[in-house]
Amino acid sequence: APAPMARIRTELELFPKHISALEAQTADTLVGGDSPRVGVSHFLRIAALYFCAKNPGTRALLVAPDDGRLRRDQLEGSTGLLAMLYQSQRDGACEVTPTEIRWVNGSSIRWAGLNREARAGAALRERFDLLLADDAHAIPEELFARLAETALTSTGPTRRVLAGSTKIRTSAWLLRRYVQEP
């Protein structure tokens, strides 16, 4: 029998601001700061797992500005998503393919680097209700807005956008979208 979703291992630590972002009542949330040491990529991996376990049927899309960043910062390495899911996959809680993770509860996580027009177009045609954008500052504003709209207007169980960036102050569009002036 497949392992219950409760057995998914996500015991890595989060900063208090990351916990606040998971629990936020807002559907569109910016996570990060102006330092590369804020753990944004790690947070987005944990958020994907959290929402897929919490809300059966969630369709998550994890994006980054390019394939190389996505693979390096999200999928590979000892703390990457694929390593985090090794035991869950062995226990039958999920199946990992070259383009997605499918959970026994009907949730899935797909990923896409947005550096090629064909990849960006394919991402825009996806059906998803959770958008997780790593290095959001490097994603063109119009493309991000269209992806966010897809997640926020979906009929899925989650309907959330989590944008991560360590260069918030250098992105005029991130400031316009998320930072309100006093």
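Just so it is clear, the structure is predicted and the values come from calculations on it, not from any experiment.

## Notes on the overall build of the protein chain
Step number 1: Counting its secondary structure elements, the protein chain contains eight helices and seven strands.
Step number 2: With 182 residues in all, the protein chain has 48% of them scored as buried.
Step number 3: In the protein chain, of all internal contacts separated by at least 6 residues, the share reaching a separation of at least 24 is 69%.

## Considerations on the confidence of the model for the protein chain
Close reading of the predicted structure is inappropriate where its pLDDT is low.
Step number 1: Within the protein chain, residue pLDDT values average 86, and 88% of them lie at 70 or more.
Step number 2: Element-level mean pLDDT values for the protein chain span from 84 in helix 1 (residues 16-23) up to 96 in strand 6 (residues 130-133).
Step number 3: The model gives residues 1-10 a pLDDT under 50, and that stretch makes 24 contacts with residues more than four places away or in other chains.

## Side note on unusual backbone geometry
Step number 1: Of note in this structure, Asp-135 is not a glycine but carries a positive phi near 50 degrees.
Step number 2: For Asp-135, the position within the fold is in the loop between strand 6 and helix 7 (141-152).
Step number 3: Even without being a glycine, Arg-159 presents a positive backbone phi close to 45 degrees.
Step number 4: Structurally, Arg-159 is set in the loop between helix 7 and strand 7 (160-165).
Step number 5: Of the residues examined, Arg-159 reaches a relative accessible area of 38% and is grouped as partly exposed.

## Structural notes on the packing of helix 6 (residues 117-125) against helix 7
Step number 1: Packing of helix 6 against helix 7 brings their axes to within 9 Å, and their N-to-C directions diverge by 25 degrees. With respect to helix 7, the axis of helix 6 lies roughly parallel. Here helix 6 contributes Ala-120, Ala-123 and Leu-124 to the contact with helix 7, which in turn contributes Leu-143, Arg-146 and Leu-147.
Step number 2: For the contact of helix 6 with helix 7, the residue count by class is five nonpolar, no polar and one charged.

## Concerning the nonpolar core
Step number 1: Core analysis: the largest hydrophobic core is formed by 28 residues, its most contacted members being Phe-43, Leu-81, Ile-101, Trp-103, Ile-109 and Leu-132.
Step number 2: Elements supplying a minimum of two residues to this core: helix 1, helix 2 (40-54), strand 2 (59-64), helix 3 (67-75), helix 4 (81-84), strand 4 (100-103), strand 5 (108-113) and strand 6.
Step number 3: Top contributing element to this core by residue count: helix 2, with nine residues.
Step number 4: Leaving out residues up to four positions away in the same chain, Ile-109 has contacts with Ala-48, Leu-49, Cys-52, Ala-60, Leu-81, Thr-99, Glu-100, Ile-101 and Trp-103.

Cut-off values and rules
- Residues numbered from 1 in each chain as written.
- Predicted model: local features only at pLDDT ≥ 70, side-chain atom pairs only at ≥ 80, totals over all residues.
- Heavy atoms only, no water.
- Helix = DSSP H or I, 4+ residues; strand = E, 2+ residues; numbered from the N terminus.
- Buried < 20%, exposed > 50% of the residue type's maximum accessible area, 1.4 Å probe, protein only.
- Contact = heavy atoms within 4.5 Å.
- pLDDT = per-residue confidence, 0-100.
- Axes fitted to C-alpha atoms, helices over the stretch in contact; angles between N-to-C directions.
- Parallel < 35°, antiparallel > 145°, perpendicular 65-115°, else oblique.
- Nonpolar A, V, L, I, M, F, W, Y, C, P; charged D, E, K, R; others polar.
- Core = buried A, V, L, I, M, F, W, Y, C linked by side-chain atoms within 4.5 Å.

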